[in-house]
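Below, each chain spelled out in residue letters.
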Amino acid sequence: MIVLNKKYFEEILKHSLSHLPNEGCGLLAGTFEGDKKIIKKVYLLTNIDNSPEHFSMDAKEQFDAVKDMRNNDLLLLGNFHSHPSTPARPSDEDKRLAYDKSMSYLILSLEDRKKPVLKSFNIINGEVTEEEIIEGENDNGIC
Ligand SMILES: [Zn+2]
């Protein structure tokens, strides 16, 4: 499961809203605590596809983010992107592009702008499993 503080959820939401009508995207970094993934930093990246149905993360920004993770002893735990007008479910393309079995793939649906829905998935050989997201209680993300 993933432990995500509300402030990170809000960063993801704000970033995704600012990318409308296009998809927004980014990376999630943190540490493991047992089998829990504790998110400690969210990297908000540019969707260079500028598309409402696809995303590609800016390569330079990804590189800088991974470098920053290394400098801060954080691991790349997953990524996120938004679905401006479809549910929070991986599309066929999302499944095809999910190359890393250990990653968490988060999708924020803005289908109902008043009720954004964030879900996390593990995708292994095209097989999708939803992963629980729990809200952290303090700034360290420890719950
Ligand atoms: Zn998608």
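See the structure shown above.
Residues numbered from 1 in each chain as written. Predicted model: local features only at pLDDT ≥ 70, side-chain atom pairs only at ≥ 80, totals over all residues. Heavy atoms only, no water.

Caption draft 1: Examining the coordination of the zinc ion more closely. Here the zinc ion is held by His 81 (NE2), His 83 (NE2), Asp 94 (OD) and Asp 94 (OD), and the distances to it run 2.0 to 2.7 Å. For the zinc ion, the 4 donor atoms in the first shell make angles of 54 to 159° at the metal, a pattern classed as irregular. On the primary sequence, the residues serving as donors to the zinc ion are separated as H-x1-H-x10-D. Residue His 83 is located in strand 4 (residues 75-83), and its partner Asp 94 is located in helix 3 (residues 92-97); the two are separated by 11 residues in the primary sequence. (Donors = N, O, S within 2.8 Å, 3.2 Å for Na, K, Ca; no water. Tetrahedral: all angles 85-135°; square planar, octahedral: opposite > 155°, others 65-115°. Helix = DSSP H or I, 4+ residues; strand = E, 2+ residues; numbered from the N terminus.)

Caption draft 2: Summary view of the pairing of strand 6 (residues 117-124). Across 5 bridges, strand 5 (residues 104-109) lies against strand 6 in antiparallel orientation. In the strand pairing of strand 6, Ile 107 is matched with Lys 119. Hairpin connection from strand 6 to strand 7 (residues 127-131): 2 residues lie between these consecutive antiparallel strands, with Asn 125 at a positive phi of about 50°. (Pairing = 2+ DSSP bridges.)

Caption draft 3: Structural context of the environment of Phe 80. Residue placement: Phe 80 occurs in strand 4. For Phe 80 and Ser 18, which are 62 residues apart along the polypeptide, the C-alpha to C-alpha distance reads 15 Å.

Caption draft 4: Structural view of the nonpolar core. Ranked by internal contacts, the top residues of the largest apolar core, which has 14 residues, are Leu 28, Ile 39 and Val 42. Considering each element in turn, this core owes the most residues, 3 residues, to helix 1 (residues 6-19). What Leu 28 contacts, discounting residues up to four positions off in sequence, is Ile 12, Ile 39, Lys 41, Val 42, Leu 75, Leu 76, Leu 77, Gly 78, Asn 79, Phe 80 and Leu 106. Membership of the second largest hydrophobic core comes to 10 residues, among which are Cys 25, Ala 29, Met 57 and Leu 74. (Core = buried A, V, L, I, M, F, W, Y, C linked by side-chain atoms within 4.5 Å. Buried < 20%, exposed > 50% of the residue type's maximum accessible area, 1.4 Å probe, protein only. Contact = heavy atoms within 4.5 Å.)

Caption draft 5: Highlighting unusual backbone geometry. Looking along the chain, the bond that leaves Leu 20 and enters Pro 21 is cis, with omega of 5°. With respect to the helices and strands, Pro 21 occurs in the loop between helix 1 and strand 2 (25-33). Positive phi values are uncommon outside glycine, yet Asn 50 reaches one of about 45°. Note on placement: Asn 50 falls in the loop between strand 3 (36-45) and helix 2 (59-71). The phi angle at Asn 125 is positive, at roughly 50°, despite the residue not being glycine. Residue placement: Asn 125 occurs in the loop between strand 6 and strand 7.

Caption draft 6: Local environment of the sheet that holds strand 4. Strand order in the open sheet formed by 8 strands is 7-6-5-4-2-3-1-8, with mixed pairing between adjacent strands. With partners counted over all chains shown, the strands left at the sheet margins are strand 7 and strand 8 (133-136), one partner each. Strand-to-strand twist in this sheet, taken as the mean axis angle between neighbours without regard to direction, amounts to 35°. Lying over the sheet, helix 1 contacts strand 1 (2-5), strand 2, strand 3, strand 4, strand 5, strand 6 and strand 8, oriented at roughly 30° with respect to strand 3. This element, helix 2, spans strand 2, strand 3 and strand 4 of the sheet and lies at about 140° to strand 3. (Axes fitted to C-alpha atoms, helices over the stretch in contact; angles between N-to-C directions.)

Caption draft 7: Broad picture of helix 2. Along its 13 residues, helix 2 runs 19 Å from first to last C-alpha, staying within 8% of the 18 Å computed at 1.5 Å per residue. The opening residue of helix 2 is Asp 58, an N-cap whose side-chain oxygen sits 3.1 Å from the backbone nitrogen of Lys 60. One or two positions beyond helix 2, positive phi appears at Asp 73, with a value near 55°. (Expected span 1.5 Å × (residues − 1). Polar contact = N/O pair within 3.5 Å; in protein donor to acceptor, adjacent residues only side chain to side chain.)

Caption draft 8: Spotlight on helix 1. Compared with the 20 Å implied by 1.5 Å per residue over 14 residues, the 20 Å span of helix 1 between its first and last C-alpha is a close match. Burial in helix 1 covers these residues: Tyr 8, Ile 12, Leu 13, His 15, Ser 16 and His 19. Buried residues of helix 1, seen end-on, are gathered within an arc of 165° and therefore sit on one face of the element. Among the exposed residues of helix 1, those oriented more than 90 degrees off its buried face are Lys 14 and Ser 18. Among the structural elements, strand 1, strand 2, strand 3, strand 4 and strand 5 are those in contact with the buried residues of helix 1. (Arc of directions from axis to C-beta.)

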